[in-house]
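Chain by chain, the residues:
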Amino acid sequence: MDKFISREGLVAPLDRANVDTDAVIPKQFLKSIKRTGYGPNLFDEWRYLDHGEPGMDNSKRPLNPDFVLNQPRYQGAQILLARENFGCGSSREHAPWALLQYGFQAVIAPGFADIFFTNSFKNGLLLIKLDGGIVDRLFKEAAGQPGYRLAIDLAEQSVTTPGGETIKFDIEPFKKHCLMNGLDEIGLTLEHAAEIKTFETRRREQQPWLFN
Amino acid sequence: MAARTLYDKLWDDHVVRQEADGTALIYIDRHLVHEVTSPQAYEGLKVAGRKPWRVSSIVATADHNTPTRNWDKGIEDPVSRLQVETLDDNIKEWGALSYFPFLHERQGIVHVIGPENGATLPGMTVVCGDSHTSTHGALGCLAFGIGTSEVEHVLATQCLVQKKTKALQVLVEGKLGAGVTAKDIALAVIGKIGTAGGTGYSIEFAGDTIRALSVEARLTLCNMAIEAGARAGMVAVDETTIEYVKGRPLAPTGAMWDKAVAHWRTLKSDDGALFDKVVKFDAAAIEPQVTWGTSPEMVTTIGGKVPDPEKEGNLAKREGIERALKYMALKANTPITDIQIDKVFIGACTNSRIEDLRAAADVARGRKVAGNVKLAMVVPGSGLVKRQAEQEGLDKIFVAAGFEWREPGCSMCLGMNDDQLSPGERCASTSNRNFEGRQGAGGRTHLVSPAMAAAAAVAGHFVDVRSLAEVEHHG
Ligand code: SF4
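Every chain is numbered independently, its residues counted from 1 as its sequence is written. As they are written, the chains are lettered A onward and the ligands numbered 1 onward, keeping that order. Totals for whole chains, interfaces and linings use all residues, but because this is a predicted model, local features are given only for residues with pLDDT of at least 70 and pairs of side-chain atoms are given and counted only at 80 or more. In computing side-chain values, all of the structure's heavy atoms are included and hydrogens and water are not.

**What about the overall build of chain A?**
What chain A contains, in helices and strands, is 8 helices and 7 strands. Counting only C-alpha atoms and orienting by the principal axes, one finds that chain A spans roughly 65 × 45 × 25 Å. Three exposure classes are used, based on accessible area relative to the maximum for each residue type with a 1.4 Å probe and protein chains only: buried under 20%, partly exposed in between, and exposed over 50%. Residue burial in chain A is summarised as follows: out of 212 residues, 55% are buried. Taking contacts inside chain A between residues at least 6 apart in sequence as the whole, the part at least 24 apart equals 62%. Computed with the Shrake-Rupley method and a 1.4 Å probe, the accessible areas treat only the protein chains shown as cover for residues. For chain A, the accessible surface area stands at approximately 8700 Å², while carbon and sulfur atoms represent 52% of it. A helix here means a DSSP run of H or I that spans at least four residues, while a strand means a run of E at least two residues long, and both kinds are numbered starting from the N terminus. Whether two residues are in contact is decided by their heavy atoms: any pair within 4.5 Å suffices.

Next comes the structure, spelled out in structure tokens:
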């Protein structure tokens, strides 16, 4: 996974609550056995006017001009501003893959669904949870100021607005550490292989029916 | 020791090590694998030069992409076929305790075959790259869905990095009315606490109503815990659980069985155990539920009406209702019973077990699918459920009534195979998600219980299954 370095980027506001992972990347694209290639189908049903299927040339498909990511002012956006319970529903990791491969590096919302939250961090997509009132204000600012950008400093755990306001956010120390160093979590866990073995041996003795 | 909740006990029993900030490495007993979320995990494993830690923890099946008819033709869609064959190859290469591939007599939806084969047992940690893994918690185990990176992590290390959630007790007491099912309890709970109401929690369903439910009904309930945003759903072990597990192919036997049962009987919350939150429900007040919108929390009773956004004071909520009504092509204040349907889907890991099919067949028996319904399909959750249903003659009842009787799989729950709604079609579905496009792009899903789905099929619109019974009773 790539290291998350602090960055600033254009903000795209997606103004709806409970955006589910079926909407982030519809099921037909889950048939792929690859980890890449999902960016063009991010929000497929909202983004295009026709029905998307794997293997289509997405550059030839009719875009929905009303969808926020298709508006000229949001081209090249790197930060997605979202509402409550973003990423609910299916556990598909294709959702953070699609967001990252589209070009998003961070999502800011008042709340995220549990599995999506974990999946995102495993792939270096930073999720920033901010108070609903603050998110509301960012939505207003983003709508009112074309070219609205935010600066994210992961080390400092802060988001800075164009007006110079700095907003702090919380992040678990372990997640921050992994993100900043681009660490492979499996490698980290395997450093404890001996402990896992000991635990397993004890478990096998105490509850042998679990080891058929 | 202080009184502990069931969740505390299951958690404590699996902690390999714990960091000062509470991040823990927890051991995984059972890893369920299916074709959609595993290929990239196996690939990652291989690229890193790693091997599965404990192959005997793995039970696998192909369910999401498999067709539900014309099995003799195999999987016609080449993209789906490649994904299913990739699972075949990975299991062949790396191994598993049990594999139920496409066409196997015990193949089926991963969350149906786990419990029915005894692959999921009380006291286990159970994971799968699928959010509805919460289902298995009905057996008194800690079961939750994970993403593909975590699938790879479990393959490589037999562990997951987790933080403990808070504990929410959903306490349901009293007697359920006739025609009211576990599905209705699940929807009523989500209607009350919301789809984010359980975020940050694991839910224990408790109370005498839950105790009186069969294991299959508990599976339905725990299946939907994820729709309330919870990481896991669970029910304490009791005699009903133990009776259910006994004799299953992968369940322990003989002296080992007795030893296991002695341990399983401890898997319940201690008296006086503290929950972070408790939500109470009166079972007698729960009515058959029907969702009207594009989120499981957008739900009302069969006697209810489509809500009026004008009456919603909260602006964001009002916009959410308006958007959902537009997508669902529904007018405010329409009685639910006036909503006509185009298709009916009875199946999915929520409601495709034998008791679900019996409940639907009871309604379908001697009746006919209404003329305006283009397709009513029954998709058993597994090969074993299908065989059992056929032994009981349920297939004949459905076919005589005009339902299609299909082969097992996820089917129209998410429409990765051919079973899909066309744009604009409206479906009464026993699945668990009514998201936009979930059952097919532009499709409109109303979540209901199996009996309510069958009732809608014969009436052509939503109808109170209890009134249907009366009509028949009084001639
Ligand atoms: S039946 Fe539906 S919810 Fe259940 S595992 Fe299959 S796709 Fe997921």
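**Remarks on the interface of chain B and chain A**
Note on interface size: it is often stated as the accessible area lost on association of the parts. With 71 residues of chain B at the interface, the matching set in chain A holds 57 residues. Buried area: the accessible area, evaluated with a 1.4 Å probe, that two parts lose upon being put together, summed over both parts. Roughly 5500 Å² of surface becomes buried between chain B and chain A when both sides are summed, with 55% attributable to carbon and sulfur atoms. Contact with chain A buries area across many residues of chain B, yet B:Gln40, B:Arg50 and B:Trp53 alone supply 11% of it, more than any other trio. Take a side-chain nitrogen of Lys or Arg and a carboxyl oxygen of Asp or Glu: if they are within 4 Å of each other, that pair is a salt bridge. Viewed at the interface, chain A and chain B are joined by 10 salt bridges. For A:Asp114, the salt bridge goes to B:Arg231, with nearest N and O atoms at 2.8 Å. Pairs of N or O atoms are called polar contacts if they sit within 3.5 Å, as long as, within protein, a hydrogen donor faces a hydrogen acceptor (for residues adjacent in sequence, only side-chain-to-side-chain pairs). At the boundary of chain B and chain A, one finds 37 residue pairs in polar contact (both at pLDDT 80 or more).

**Side note on the sheet that holds strand E3 (residues 30-33) of chain B**
Residues and elements named next belong to chain B. Taking strand neighbours across the sheet as the criterion, the 5 strands line up as E5-E4-E3-E6-E7 in an open arrangement whose pairing is parallel. The open sheet has two free edges, formed respectively by strand E5 (98-100) and strand E7 (142-145), since each of these has just one partner strand. Adjacent strand axes in the sheet meet at a mean angle of 15°, parallel and antiparallel pairs treated alike. Bridging between strand E4 (residues 58-61) and E5 involves 3 bridges; their strand directions are parallel. Bridge pairing in E5 places Val59 opposite Ser98. Two strands qualify as a pair provided DSSP detects at least 2 bridges between them. Helix axes are fitted only over the stretch in contact, all axes being lines through C-alpha atoms; the angle between N-to-C directions runs from 0 to 180 degrees.

**Side note on the confidence of the model for chain B**
By definition, pLDDT measures how confident the predictor is in each residue, and it falls between 0 and 100. Counting all residues, the mean pLDDT for chain B is 96, and 99% of those residues have values of 70 or more. Per the prediction output, this complex has pTM 0.95; the corresponding ipTM is 0.93.

**Quick notes on the pairing of strand E5 (residues 149-153) of chain A**
Residue and element names in this part refer to chain A. Side-chain alternation along E5 places Leu150 and Ile152 on a buried face and Arg149, Ala151 and Asp153 on a face that remains uncovered. Pairing of E5 with strand E6 (residues 158-160) involves 3 bridges; the strand directions are antiparallel. From the neighbouring strand, Ile152 faces E6, where its bridge partner is Val159.

**Observations regarding the site of the ligand**
Residue and element names in this part refer to chain B. Taken together, His64, Ile109, His111, Asp130, His132, Ala348, Cys349, Cys410, Cys413, Leu414, Asn432 and Arg438 form the complete shell of residues around the ligand. Of all the cavities here, the one that holds the ligand is the largest cavity. We call Asp, Glu, Lys and Arg charged. Ala, Val, Leu, Ile, Met, Phe, Trp, Tyr, Cys and Pro are nonpolar, and the rest, Gly among them, are polar. Across the shell around the ligand, the residue classes break down as 6 nonpolar, 4 polar and 2 charged. To be near a molecule or strand, a residue needs just one of its heavy atoms within 4 Å of it. Cavity: a set of points on a 1 Å grid over the protein atoms alone where a 1.4 Å probe fits but cannot get out. Pocket: an open set with protein on both sides within 12 Å along at least five of seven lines, its lining residues, like those of a cavity, having an atom within 4 Å of a point. What decides whether a molecule sits in a cavity or pocket is whether more than half of its atoms lie within 2 Å of the grid points.

**Considering the pattern of salt bridges**
Counted by the stated rule, this structure contains 45 salt bridges over all chains. Two residues, B:Asp238 and B:Arg211, come together in a salt bridge whose shortest N-O distance is 3.0 Å. On the criterion of sequence distance, the pair formed by B:Asp238 in the loop between strand E11 (232-234) and helix H9 (239-245) and B:Arg211 in helix H7 (residues 208-211) is long-range, its members being 27 residues apart. Its relative accessible area of 32% is what places B:Arg211 among the partly exposed residues. For the salt bridge of B:Lys343 with B:Glu425, the shortest nitrogen-to-oxygen distance reads 2.8 Å. Placement of the pair is B:Lys343 in strand E15 (residues 343-346) and B:Glu425 in the loop between strand E17 (404-405) and strand E18 (426-429), with a sequence separation of 82 residues. Bridged by salt links that share partners, the residues A:Asp15, A:Arg83, A:Asp136 and A:Lys140 form one connected network.

**Things to note about the packing of helix H3 (residues 94-102) of chain A against helix H4 (residues 114-122) of chain A**
Residues and elements named next belong to chain A. At a closest axis distance of 8 Å, the pairing of H3 and H4 adopts a crossing angle of 50°. Classified by the angle between their axes, H3 and H4 sit oblique to one another. Read as a crossing pair, H3 and H4 show a hand that is right-handed. Of H4, the residues touching H3 (which contributes Ala95, Pro96 and Leu99) are Phe116, Asn119 and Ser120. Taken together, the residues that form the contact of H3 with H4 break down as 4 nonpolar, 2 polar and no charged. Geometric relationships in this document are graded by angle, where less than 35 degrees denotes roughly parallel, more than 145 denotes roughly antiparallel, 65 to 115 denotes roughly perpendicular, and other angles denote oblique. In this scheme, a crossing is called left-handed if the near helix is turned counterclockwise away from the far one by less than a right angle; it is called right-handed if the turn is clockwise.

**Here's the deal with the sheet that holds strand E8 (residues 159-162) of chain B**
In sheet architecture, strand pairing relies on hydrogen bonds along the backbone and comes in two forms, parallel and antiparallel. All names here are of chain B. Reading across from one edge, E1-E2-E8 is the order of the 3 strands in this open sheet, with antiparallel pairing throughout. The open sheet has two free edges, formed respectively by strand E1 (15-18) and E8, since each of these has just one partner strand. Between one strand axis and the next, the sheet turns through 20° on average, direction left out of account.

**Remarks on the layout of surface pockets**
Of the voids in this model, the second largest pocket is the one considered here, and its volume is about 990 Å³. What lines the second largest pocket is a set of 35 residues, among which A:Ala17, A:Asn18, B:Ala316, B:Lys317 and B:Gly320 lie closest to the centre. The biggest single contributor to the lining of the second largest pocket is helix H11 (residues 315-328) of chain B, with 8 residues. The class makeup of the residues in the lining of the second largest pocket is 15 nonpolar, 8 polar and 12 charged. Grid points are joined across faces, edges and corners, and a volume is the space filled by probe spheres set on the points.

**Section: helix H14 (residues 394-401) of chain B**
An α-helical segment advances 3.6 residues per turn. Residues three or four places apart therefore align on the same side. Residue and element names in this part refer to chain B. Along H14, the residues classified as buried are Leu394, Asp395, Ile397, Phe398 and Ala401. Angularly, the buried residues of H14 cover 160° about the axis, an arc narrow enough to put them on a single face. Close packing links the buried residues of H14 with helix H12 (354-364), strand E16 (375-378), helix H13 (383-391) and E17. Following H14 by one or two positions, Gly402 adopts a phi angle in the positive range, close to 100°. In this context, the arc is that of the directions from the helix axis out to the C-beta atoms.

**Quick look at the packing of aromatic side chains**
The criterion for an aromatic pair is that two Phe, Tyr or Trp rings (for Trp, the six-membered ring) have centres within 6.5 Å, with stacked assigned to planes under 30 degrees apart, edge-to-face to planes over 60 apart and tilted to the rest. With the rule as written, the count across this model stands at 16 aromatic pairs over all chains. Aromatic side chains A:Trp209 and B:Trp264 sit 6.4 Å apart centroid to centroid with 90° between the ring planes, which places their arrangement in the edge-to-face category. Remark: B:Trp264 occurs in helix H10 (residues 254-264) and A:Trp209 occurs in the segment after helix H8 (193-206); the pair is interchain, linking two chains. Summarising the burial analysis for this pair, A:Trp209 and B:Trp264 share the class buried. Following the ring pairs from residue to residue traces out a cluster consisting of A:Phe86, A:Phe112, A:Phe116, A:Phe117 and A:Phe121. We call a charge positioned above a ring when the Lys NZ or Arg CZ atom is no farther than 6 Å from the ring centre and deviates by at most 35 degrees from the ring normal. In this structure, A:Arg83 is placed above the aromatic ring of A:Phe139, and the distance from its NZ or CZ to the ring centre is 3.9 Å.

**Here's the deal with empty space enclosed by the protein**
Residues and elements named next belong to chain B. Across all of its chains, the model carries 5 cavities of 30 Å³ or more by this definition. Roughly 230 Å³ of volume is contained in the largest cavity. Every residue lining the largest cavity is counted, 23 residues in all, and those nearest its centre are His64, Asp130, His132, Leu414 and Arg438. Residues of the lining of the largest cavity, tallied by class, amount to 10 nonpolar, 9 polar and 4 charged.

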